[in-house]
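Read off the chains here:
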Amino acid sequence: MGVNPDIRIKVCMGPAGIATGGADVIDAFKNELHRKGIKAFIGKQCSMHKVGCFGLCAKDVLVTVLINGHKTIYEYTKPEMVPRIVKDHIVEGNPVVEWTVGDDFHNFYRKQTKVVLSDCGEIDPEDIDAYIAVAGYEATRKVLTSMTPEETITIIKDSGLRGRGGAGFPTGLKWEICRRKQSQQRYIICNADEGDPGAFMDRAVIEGNPHSVIEGMIIGAYAIGADKGYVYIRAEYPLAVERLTKALDQARQYGFIGNNILGTGFHFDVKIKLGAGAFVCGEETALIASIEGKRGMPRARPPFPVESGLKGKPTVINNVETLANIPYIIRNGADWFSSFGTERSKGTKVFALSGKVKNTGLIEVPLGISLKEIIYDIGGGIEGEKRFKAVQTGGPSGGCIPAKLIDREVDYESLAEVGSIMGSGGMVVMDEDTCMVDMAKFFLSFSQAESCGKCTPCRIGTKRLLEIVERITSGKGKEGDIETLEELGQDIRATSLCGLGMTAPNPVLSTIKYFRDEYEAHIRNKKCPAAVCKELLTYSVLEEFCNGCSACKRICPADAITGKRKQVHKIVPDLCIKCGTCFEVCKFKAIMKW
Amino acid sequence: MEKALEKILATYRKEEGTIISILQDVEKTFGYIPESAVNWFSKKLNIPASCFYGVITFYAQFHLKQRGKNIITTCRGTACHVRGSERLFNRLLTDLAIPPHEDTTDDKEFTVESVACIGTCSMAPVVIINKKVLGKMRADKLIKEVKRLASKRKCNGRKS
């Protein structure tokens, strides 16, 4: 170990890091460093940090140990591994090689380009000084002290940044329209009501680097001429709320928000508004209604919020990721940002990669990358060497893209062309064990439950769609059902009031388009090819594999399994409720479903 | 109860709150929204009770009935769904004998609910038991956890 070593330990405390025991690992490090006088030996050179999401959540808890700039990353860290890491690595300087990350980890990062996430997982999200140390708030200073609002808008327009919430409206243009609207009062709102099932980008950004979002808001407010801002955030994200509240307090203390910011005479403050659990509130007019304390129901547009929004005043609503891009664009310039991406979609996009892929986690890629590169190079391919079937993007508003289109590049237009959307960034990978009809049913039941009920096509239409799909998955589908779904879907898409209704049929229409044969198998043969739809399944015991361990018999909730210990068991079909638990617990693969 | 409501009213006035912020505070204080609380605020603020109920029934966060001591939430996000969260949910309903169309056991010990997505998709399927997030859940593991909670309830019962 060198003289005057600078040792830093960073423990992932993102959502998955915490859930897999990140706090226990931190405690273990603290205890271990205090014990045996190790702390005295290392002195003050060793510091502990909790950081936001590293990205590769599948391998949590991830721990980075930095000694004199040399970085070692440990995966699957457990508290009981800490003493050895401290002794071998921190004290003696020999990393515990067998616990460090392997090729998977490096492949995961190789094709990524980090802009929004560049400081996420590196800095302590609860410490404003850590953010300032990596050039944080420099963009704010630059904009407020040396640029006019118009110049600021021009940079954002030139960068080509488009809304990252899903619709992809050019951010600079949105700001410009709002600024041009005559008014004494304007507002900026950060939309952190990330409701898409299967998406956790915004959560990770706020938890990993809340100051970048605040900075984006300050710059946006200055550009449009707003003195008040709101962050509308889901109450289901308590940690994000906590870190954001802390970050706002610190920013206030340091004079980045409040009155007379940096002595420029510009006033701006931010309030947090907690969502109360309604997916439709991600729609901008519904979000405004909810901030005003009303039922979050959308209204017809125009007028758009940039003209008449919160309390009837011009209001800009930007998504978390959009805002988090702003400070980086200001610091590095429009040309730098637009050097990433494609002709019409500039920059990078954060995706939450999950489902049946090996490396699940949070990724940031330049737009224009192919789905194949994301799933195979970054994601490491399909888990358990199964066959890749489809990838779902855009959550309940998006669609399923089949394996044959895997070379598609990812940008706003190219995904829309194949019947999906880029959406806010959820990307759920499906393998041969996923039933596409069941998938359509899943998203429909979500949209149907979350429909606010204001307009008829969405309220009644999604209900009818769901009824038909439910009928198909329970083996009661009939000829003509597919055509009815298509027709009804088109009607709902054309006539709904807001984005929720207009996009709700997408999961059904896209699965019919690419997986019509699966629908037909359900309707004509009364079979679910992927063996998912409960009513169409039969469970039975494969006699040659069953060794009579009785694990299935003990767990069966319906007492439908008979057989003596060490003898072949049987499933009584009349009693079986097809819950699938026996299939899950059998270690000998002796339960078959078909 | 009156005291708690007065406090919520004071915050509402100070922070320029809304119906939603009042209801969030009530839910936080009592664990659900008692009818009497709605009537109290309705009178104090001269806002019809129907406006409160409109908001309560619109948002998933508000509950009009008392909830169980133990709250088990299964995530029903896409990633969890693909990995079998529906089976877990149904198993809980059967094992805890939750009455049909209800979410809470008759003895008010357990509430079983689902949430759209909690954003820990990499650990799917996820179940939250009393605010503790448990990832990569399986039916047998889940039943063990529930049994542990249920036995705790019996022990406590004997003591008191």
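Residues numbered from 1 in each chain as written. Chains lettered and ligands numbered in written order. Predicted model: local features only at pLDDT ≥ 70, side-chain atom pairs only at ≥ 80, totals over all residues.

Asks: Would you take a moment to explain the overall build of chain A for this structure?
Replies: A tally of regular secondary structure across chain A gives 24 helices and 18 strands. Relative to a compact globule of 594 residues, whose C-alpha radius of gyration would be 25 Å, chain A shows 26 Å and is just as compact. Considered along the principal axes of its C-alpha atoms, chain A spans approximately 80 × 70 × 40 Å. Here chain A holds 594 residues, and the buried ones make up 54% of them. Across chain A, every contact between residues at least 6 apart in sequence was considered, and the portion connecting residues at least 24 apart equals 72%. (Helix = DSSP H or I, 4+ residues; strand = E, 2+ residues; numbered from the N terminus. Rg over C-alpha atoms; globule rule 2.2 N^0.38 Å. Buried ≥ 20, exposed ≤ 12 C-beta atoms within 10 Å, placed from the backbone. Contact = placed C-beta atoms within 7 Å.)

Asks: In this structure, what is going on with the overall build of chain B? I would like to understand it.
Replies: Secondary structure summary: chain B contains seven helices and four strands in total. For chain B, the sequential pattern of α-helices and β-strands runs α-α-α-α-β-α-α-β-β-β-α. Its C-alpha atoms give chain B principal-axis dimensions of about 50 × 40 × 30 Å. By the burial criterion, 37% of the 160 residues in chain B qualify as buried.

Asks: What's the story with the sheet that holds strand 5 (residues 187–192) of chain A in this structure? I'm lost.
Replies: Strand pairing in a sheet takes place through backbone hydrogen bonds and is either antiparallel or parallel in direction. Residues and elements named next belong to chain A. Taken in spatial order, the five strands make up an open sheet running 7-8-6-5-9, and their pairing is mixed. Sheet topology places strand 7 (258–261) and strand 9 (315–319) at the edges, where each strand pairs with a single neighbour. Pairs of neighbouring strands in the sheet enclose a mean axial angle of 25 degrees, with direction left out of account. Where strand 7 meets strand 8 (residues 266–274), two bridges bridge the pair, whose relative direction is antiparallel. For Ile261, the partnering residue across the bridge sits in strand 8 and is Phe266. (Pairing = 2+ DSSP bridges. Axes fitted to C-alpha atoms, helices over the stretch in contact; angles between N-to-C directions.)

Asks: In this structure, what is going on with the interface of chain B and chain A? I would like to understand it.
Replies: One widely used convention gives an interface's size as the accessible area the parts lose upon coming together. On the side of chain A, 46 residues touch chain B, which itself brings 38 residues to the contact. Among the secondary structure elements, those contributing two or more residues to the side of chain B that touches chain A are helix 2 (19–30), helix 4 (49–58), helix 5 (78–82), helix 6 (85–95) and helix 7 (139–159) of chain B. Counting residues per element, the side of chain B that touches chain A draws most heavily on helix 6 of chain B, which supplies five residues. Partitioning the side of chain B that touches chain A into residue classes produces 18 nonpolar, 14 polar and six charged. (Nonpolar A, V, L, I, M, F, W, Y, C, P; charged D, E, K, R; others polar.)

Asks: What should I look at first to understand the domain arrangement of chain B in this one?
Replies: Here the domain parsing of chain B yields domain 1 (2–58) and domain 2 (70–159). For domain 1 of chain B versus domain 2 of chain B, the separation of C-alpha centres amounts to 30 Å. (Domains from an automatic or database assignment.)

Asks: Just checking my understanding: could you explain the sheet that holds strand 2 (residues 110–115) of chain B for this structure?
Replies: Residues and elements named next belong to chain B. Spatial strand order, 2-1-3-4: four strands in an open sheet with mixed pairing. With partners counted over all chains shown, the strands left at the sheet margins are strand 2 and strand 4 (132–134), one partner each. Here the strands of the sheet are splayed against their neighbours by 20 degrees on average, with no regard to which way each runs. In this structure, strand 1 (residues 70–75) lies alongside strand 2, joined through six bridges in parallel fashion. Of the residues in strand 2, the one forming a bridge with Ile71 is Thr111. Across the sheet, helix 6 is in contact with strand 1, strand 2 and strand 3 (127–129); its angle to strand 1 comes to roughly 155 degrees.

Asks: Hey, could you run me through the environment of His106(A) in this one?
Replies: All names here are of chain A. Positionally, His106 belongs in helix 5 (residues 103–110). Using a count of 10 C-beta atoms within 10 Å as the deciding quantity, one classes His106 as exposed. Residues His106 and Ile378, 272 residues apart in the sequence, show an inter-C-alpha distance of 9.1 Å.

Asks: Looking at this structure, I do not really get the packing of helix 10 (residues 201–208) of chain A against helix 12 (residues 238–253) of chain A. What am I missing?
Replies: A pair of packed helices is captured by two measures, namely the crossing angle of their axes and the spacing between those axes. Residues and elements named next belong to chain A. Packing of helix 10 against helix 12 brings their axes to within 8 Å, and their N-to-C directions diverge by 35 degrees. Remark: the crossing between helix 10 and helix 12 carries left-handed chirality. Every residue of helix 12 that contacts helix 10 at Arg203, Ile206 and Glu207 is listed here: Leu239, Ala240, Arg243 and Leu244. For the contact of helix 10 with helix 12, the class distribution of residues is four nonpolar, no polar and three charged. (Left-handed = near helix turned anticlockwise from the far one by under 90°.)

Asks: Where do I start with the confidence of the model for chain B in this structure?
Replies: Should pLDDT be low for a region, the predicted coordinates there are not to be read in detail. A residue-level look at chain B finds 95% of positions with pLDDT of 70 or above and a mean pLDDT of 89. For this predicted complex, the interface confidence reaches an ipTM of 0.87, while the overall pTM sits at 0.91. (pLDDT = per-residue confidence, 0-100.)

Asks: Sorry if this is basic, but what is going on with the packing of helix 20 (residues 481–495) of chain A against helix 22 (residues 506–525) of chain A here?
Replies: Residues and elements named next belong to chain A. At a minimum axis distance of 10 Å, the contact between helix 20 and helix 22 shows a crossing angle of 160 degrees. Between helix 20 and helix 22, the interaxial angle falls into the category roughly antiparallel. Considering the relative orientation of helix 20 and helix 22, their crossing is right-handed. Each of Asp481, Ile482, Leu485, Glu486 and Gly489 in helix 20 lies in contact with helix 22, whose residues at this interface are Val508, Leu509, Ile512, Arg516, Tyr519 and Ile523. (Parallel < 35°, antiparallel > 145°, perpendicular 65-115°, else oblique.)

Asks: In this structure, what is going on with helix 11 (residues 210–224) of chain A? I would like to understand it.
Replies: An α-helical turn contains 3.6 residues, so any two residues separated by three or four positions project in the same direction. Residue and element names in this part refer to chain A. Here helix 11 spans 22 Å end to end across 15 residues, near enough to the 21 Å set by a 1.5 Å rise per residue. Counting buried residues in helix 11 gives 15 out of 15 residues, a clear majority hidden from the surface. Where helix 11 ends, the next residue or the one after it, Gly225, has phi of about 85 degrees, a positive value. (Expected span 1.5 Å × (residues − 1).)

Asks: Looking at this model, I keep getting lost on the environment of Val532(A). Mind explaining?
Replies: Residues and elements named next belong to chain A. Examined against the element boundaries, Val532 turns out to sit in the loop between helix 22 and strand 15 (539–541). C-beta crowding within 10 Å serves as the criterion here: with 21 such atoms nearby, Val532 is assigned to the buried category. Expressed as a C-alpha distance, the spacing of Val532 and Thr473, which sit 59 residues apart in the sequence, is 9.3 Å. Discounting residues that sit within four places of it in the chain, Val532 has contacts with Thr434, Cys435 and Asp438.

Asks: Sorry, what's going on with the domain arrangement of chain A here?
Replies: Residue and element names in this part refer to chain A. Here chain A is described as being made up of domain 1 (7–101), domain 2 (128–338), domain 3 (348–431), domain 4 (436–525) and domain 5 (538–593). Between the C-alpha centres of domain 1 and domain 3 there is a distance of 32 Å. Facing five residues of domain 1, the contacting portion of domain 3 comprises five residues. The residue makeup of the side of domain 1 that touches domain 3, split by class, is four nonpolar, one polar and no charged.

Asks: I keep staring at the pairing of strand 1 of chain B and nothing clicks. Help me out?
Replies: The side chains of a regular strand alternate, first on one face of the sheet and then on the other. Across three bridges, strand 1 of chain B lies against strand 3 of chain B in antiparallel orientation. Counted as the bridge partner of Thr73(B) is Ile128(B) from strand 3 of chain B.

Asks: Explanation requested: the pairing of strand 4 (residues 70–74) of chain A in the structure shown.
Replies: Residue and element names in this part refer to chain A. Where strand 3 (residues 63–67) lies against strand 4, five bridges are found, and the strand directions are antiparallel. Across the sheet, the residue bridging to Ile67 is His70, located in strand 4. Counted between consecutive antiparallel strands, the loop separating strand 3 from strand 4 contains two residues, among which Asn68 sits at a positive phi close to 50 degrees.

Asks: Help me out: how do you make sense of helix 8 (residues 149–159) of chain A in this one?
Replies: Residues and elements named next belong to chain A. Listed in full, the buried residues belonging to helix 8 are Thr152, Ile153, Ile155, Ile156 and Ser159. What you see down the axis of helix 8 is that its buried residues fit within an arc of 155 degrees, all on one side. Facing away from the buried surface of helix 8 by more than 90 degrees, the exposed residues are Glu150 and Glu151. The inward-facing, buried residues of helix 8 contact helix 7 (138–146), helix 9 (171–180), helix 11, helix 14 (320–332) and helix 15 (334–338). After helix 8 finishes, the residue Gly160 shows a positive phi value of roughly 80 degrees. (Arc of directions from axis to C-beta.)

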